[in-house]
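# Breakdown of the fold
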Amino acid sequence: MKQDNTETDLNLAKTFTTRNVKDLITKLVVYAGGGSVLIALGLIFVYLGIEVIPLFQGANVEKTSRNFESSTSLLHLSLEEQNKVALSINKQGIINFVDMASGKIISQNKISDNKITAIQTLKESSTIHILIAFEDGTVTLIKPEYKSIYSEKTEKTIVPSLIYPLGNEPIQLHDDKAEIKNIAFQLNDEMLTIISASSEDLYLTSFMQEESFLDDEVSWVKEQVSIKNEFVPDYMFIDQAVQNILVINKSGNFINYNSALTNKQTGDFLQNNSLNISAAATLSAGSSLLVADNEGGISQWFPVRNQNNVFKYTKIRDFKLNAPAQRIIPEYSRKVAFVYDAEGIVSILHTTSGQILASKSLTNSNLDELAISPRSNTILIKAENNIALYSVHNEHPEFSMSAIWNKVWYEGYEKPEYIWQSSSSSNDFESKFSFMPLAFGTLKAAFYAMLFATPLGVLAGAYTAYFMRPRLRKIVKPTVEIMAALPTVILGFLAGLWLAPFVENNLPGIFCVPIIMLAGIVVLSFIWSVMPKQIRNLLPDGGEILILIPAIIFLIWLAFYLSPTLEILLFNGNTRLWLKETLGVGFDQRNSIIIGITMGIAVIPNIFSITEDAVYGVPRSLTNGSLALGATQWQTMTKVIILTASPAIFSALMIGMGRAIGETMIVLMATGNTPIMDFNIFEGMRTLAANIAVEMPEAEVGSTHFRLLFLSAFALFILTFIFNTLSEIISTRLRKKYSNL
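Just so it is clear, the structure is predicted and the values come from calculations on it, not from any experiment.

### Comments concerning the overall build of the chain
- Helices and strands together make up the secondary structure of the chain, namely 15 helices and 32 strands.
- Its C-alpha atoms give the chain a radius of gyration of 37 Å, more than 25% over the compact-globule value 27 Å for 741 residues.
- Principal axes of the C-alpha set define a box for the chain whose edges measure 115 × 95 × 60 Å.
- A buried classification covers 45% of the 741 residues belonging to the chain.
- Residue pairs at least 24 apart in sequence account for 57% of intrachain contacts in the chain once pairs closer than 6 positions are excluded.
- Total accessible area computed for the chain in this model is approximately 37,800 Å², and 58% of it derives from carbon and sulfur atoms.
- Positive and negative charge centroids in the chain, built from 57 and 67 side chains respectively, lie 14 Å apart.

Pasting the structure below:
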């Protein structure tokens with residue numbers, strides 16, 4: 001007997017040990033799985049942070065090389081894009097190419113014995129053209145060229161040379177040989193336009209390029225017009241399209257001539273008689289003008305179309321420095337300018353974002369010249385008799401929280417706007433990185449999807465759980481739930497290629513469907529209620545759906561059948577034209593209606609399934625108690641069951657909202673994919689998720705555009721997190737409120 005008890009105890013101990021081991025293993029697996037999920041989410045946020053944090057790092061300037069002596073007074077200083085060779089032009093007309101590693105002169109050229117009276121540069125991409133004017137009225141156009149030569153040891157050497165697009169000899173610009181006081185120019189593919197001023201006259205000279213068909217020899221045909229000066233200009237500029245020619249004096253007075261000097265507008269950049277212009281320069285493309293005054297202010301101006309359809313230079317934004325700017329040097333392609341003052345402080349400002357990115361004292365003496373590398377990663381400065389090279393870290397000047405969330409006044413626009421336009425085929429493009437159209441499009445798509453899916457999903461789930469017969473429920477519930485596995489790319493494909501044209505051709509029918517369905521179901525319900533009980537009893541309770549489904553299909557068909565007739569009677573045969581002319585509403589074939597229907601279909605299974613489970617899970621005691629107290633089934637549904645299941649139903653809606661916010665393929669394929677801010681149901685949109693899918697493959701790795709896409713993904717995470725948090729808070733409160741029913 002004792003032996004049997006001992007064996008039993010051993011077996012029990014062994015069983016408990018085995019069970020404890022299994023419990024421990026299960027616990028470890030569960031902890032490992034949950035911990036892995038949390039770690040994965042954490043790593044996602046870490047990776048997003050790594051890509052996003054550089055956006056918030058400011059600009060910085062650091063010295064990278066020793067000083068080189070330069071005793072001559074320079075008129076021009078520039079760098080080639082690899083920062084190995086510099087070009088300088090002094091007042092004696094001597095052009096030097098200097099090796100930045102050793103400070104030695106590589107080559108030297110003297111362009112003229114005449115005195116240089118004006119010099120102007122034109123930057124584009126990585127190239128620079130320099131127009132030099134002389135006291136005898138002649139000009140020379142030069143373009144430095146740098147070739148890379150590799151030795152047998154794969155060492156790279158930069159070999160500089162000069163190209164003379166107009167010829168090696170200076171060209172007589174002023175026929176009367178009047179001394180050139182100031183000059184500006186623009187160079188296009190086939191034309192060089194020069195605006196020059198003497199003491200009395202203003203000249204507009206055009207050189208048209210002609211190529212011989214016989215020997216491919218290039219010649220330039222000169223055309224010139226002139227007018228009398230109203231004042232001797234201190235600054236002159238031409239925009240890239242040669243539509244605006246600006247002549248400015250130090251008092252701030254300007255004249256804006258057209259391309260033929262036949263029409264003009266006058267104005268005042270400073271708008272204050274006590275101020276004087278200390279520096280002025282145009283940004284890349286020559287549209288925007290930066291004007292600095294003698295009190296440290298810098299203002300940006302560019303042409304804006306007014307109510308009379310006339311472009312007029314308008315003040316856009318202001319910057320404030322601690323000291324007056326001596327010189328403004330724009331970058332080659334970005335809307336960035338370097339400014340230095342009399343105290344040796346160099347400031348970096350970006351016009352689109354409206355920021356002064358950095359201000360730093362680089363020398364204790366007065367700066368003479370500053371040159372920017374074409375890659376914008378290096379600057380070269382000359383102070384007194386020294387030249388020094390500085391590295392610049394300014395990777396993301398376009399970014400600021402204000403620029404991505406507030407309205408920005410972009411070049412060529414009539415007012416500040418929210419715009420997302422990350423790229424263009426034009427070199428003068430101004431990046432537009434506003435998140436507002438994308439966030440608006442995301443919420444708009446989710447709103448219309450939920451507007452379609454909420455009533456259908458909730459009511460269908462409640463009906464299936466409470467009214468439908470069990471046998472029919474076993475068929476309907478799995479059928480609807482399996483729709484959640486339908487690839488959204490298929491839905492997007494069908495929406496874009498079939499549904500969008502169908503809706504466009506049957507627009508009156510689309511809006512008649514809910515009206516005709518509601519009226520038809522009310523009439524059908526009334527007819528069913530007055531029919532004899534013998535007929536109604538032929539269908540069991542919950543079987544009415546077998547009659548209702550064919551009726552709904554018929555009513556939908558009837559709405560689309562009547563659509564052409566309604567379009568002729570109500571909208572003169574063209575609904576789109578009627579909307580445009582009568583209501584002023586545009587119509588895009590891939591619009592919010594398509595998104596509402598298609599994305600609603602994708603969201604409905606989730607809402608339906610959770611709602612159905614919640615309603616079905618309401619205790620029968622509550623239902624039976626309500627019915628026993630005399631309540632009807634409808635009263636029981638609305639006053640007891642829905643309230644009890646409301647926490648789960650609300651969670652279902654929030655899950656559906658989260659699904660709609662994060663949806664990519666449907667909005668990518670079924671909308672116009674245009675980032676506009678218009679709540680119009682007939683217009684499309686672009687969402688954050690779709691924007692990432694469209695632009696990430698084309699974004700340059702490490703660029704501002706690339707990192708902003710990661711930031712938009714982070715914003716999408718935050719948006720989803722907010723909705724989920726609100727869902728949990730509200731669901732908890734609803735659960736507490738109705739837990740005692």
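### Points about the environment of Leu48
- As for its placement among the helices and strands, Leu48 is situated in helix α1 (residues 2-52).
- What makes Leu48 buried here is its relative accessible area of 6%.
- Separated by 335 residues in the primary sequence, Leu48 and Ala383 have C-alpha atoms spaced 43 Å apart.
- For Leu48, the residues in contact, after removing those within four places along its chain, are Phe710, Ala713, Phe714 and Phe717.

### Quick word on the sheet that holds strand β18 (residues 253-257)
- The strand order across the open sheet formed by four strands is β16-β17-β18-β19, and the pairing between neighbours is antiparallel. Only two strands of the sheet have a single partner each, and these edge strands are β16 (235-238) and β19 (264-268). Taken pair by pair, the neighbouring strands of this sheet meet at an average axis angle of 15°, ignoring direction.
- Relative to strand β17 (residues 245-248), β16 runs antiparallel, the two sharing four bridges. Its bridge partner lying in β17, Met236 is registered against Val247.

### Here we look at the environment of Ile604
- On the secondary structure map, Ile604 appears in helix α10 (residues 592-616).
- A sequence separation of 349 residues divides Ile604 from Ile255, and the C-alpha atoms of the two residues are 64 Å apart.
- Residue contacts for Ile604: discarding those within four places in its chain leaves Phe452, Ala453, Leu456 and Gly457.

### Some points on the environment of Gln172
- Assignment of secondary structure puts Gln172 in strand β11 (residues 171-172).
- Residue classification places Gln172 among the partly exposed residues on the basis of a relative accessible area of 26%.
- A sequence separation of 113 residues divides Gln172 from Ala285, and the C-alpha atoms of the two residues are 27 Å apart.
- With near-sequence residues (within four places) excluded, Gln172 lies in contact with Asp136, Gly137, Thr138, Lys177 and Lys222.
- A polar atom in the side chain of Gln172 sits 3.4 Å from the backbone oxygen of Gly137.
- At a separation of 2.9 Å, a polar atom in the side chain of Gln172 contacts the main-chain carbonyl oxygen of His174.

### Digging into the sheet that holds strand β27 (residues 355-361)
- Ordered by their spatial adjacency, four strands build an open sheet running β24-β25-β26-β27, and the pairing between neighbours is antiparallel. With partners counted over all chains shown, the strands left at the sheet margins are β24 (325-330) and β27, one partner each. Each neighbouring strand pair of the sheet contributes to a mean axis angle of 20°, computed without reference to strand direction.
- Of the strand pairs in this sheet, β24 and strand β25 (residues 336-341) are connected by five bridges, and their pairing is antiparallel. Paired with Ile329 across the strands is Phe338, a residue of β25.

### Focus on α10
- Relative to the 36 Å expected for 25 residues at 1.5 Å per residue, α10 spans 34 Å between its end C-alpha atoms, a close match to the ideal helical length.
- Considering bend angle alone, the principal kink of α10 is centred on Ile601 and spans about 35°; proline Pro605 follows within four residues of it.
- For α10, the buried fraction is high: 20 of the 25 residues fall into the buried class.

### Let's talk about the pattern of salt bridges
- Enumeration over the complete set of coordinates arrives at 20 salt bridges.
- Between Arg334 and Glu331 there is a salt bridge, with its nearest N and O atoms 2.8 Å apart.
- With a shortest N-O distance of 3.4 Å, Glu411 and Lys335 are connected by a salt bridge. Residue Glu411 is found in the loop between α2 (401-405) and β31 (420-421), and its partner Lys335 is found in the loop between β24 and β25; the two are separated by 76 residues along the sequence. Considered together, Glu411 and Lys335 belong to a single accessibility category, that of buried residues.
- Each of Arg473, Lys477, Glu481, Glu612 and Asp613 takes part in salt bridges that share partners, so that together they form one network.

Procedures and definitions
- Residues numbered from 1 in each chain as written.
- Predicted model: local features only at pLDDT ≥ 70, side-chain atom pairs only at ≥ 80, totals over all residues.
- Heavy atoms only, no water.
- Helix = DSSP H or I, 4+ residues; strand = E, 2+ residues; numbered from the N terminus.
- Rg over C-alpha atoms; globule rule 2.2 N^0.38 Å.
- Buried < 20%, exposed > 50% of the residue type's maximum accessible area, 1.4 Å probe, protein only.
- Contact = heavy atoms within 4.5 Å.
- Areas by Shrake-Rupley, 256 points an atom, 1.4 Å probe, with all protein chains shown as cover.
- Lys, Arg positive; Asp, Glu negative; His and termini not counted.
- Charge placed at Lys NZ, Arg CZ, Asp CG, Glu CD.
- Pairing = 2+ DSSP bridges.
- Axes fitted to C-alpha atoms, helices over the stretch in contact; angles between N-to-C directions.
- Polar contact = N/O pair within 3.5 Å; in protein donor to acceptor, adjacent residues only side chain to side chain.
- Expected span 1.5 Å × (residues − 1).
- Bend = angle between axes of the 7 residues up to and from the residue.
- Salt bridge = Lys/Arg side-chain N within 4 Å of Asp/Glu carboxyl O.

Any functional reading would require information beyond the geometric quantities listed.
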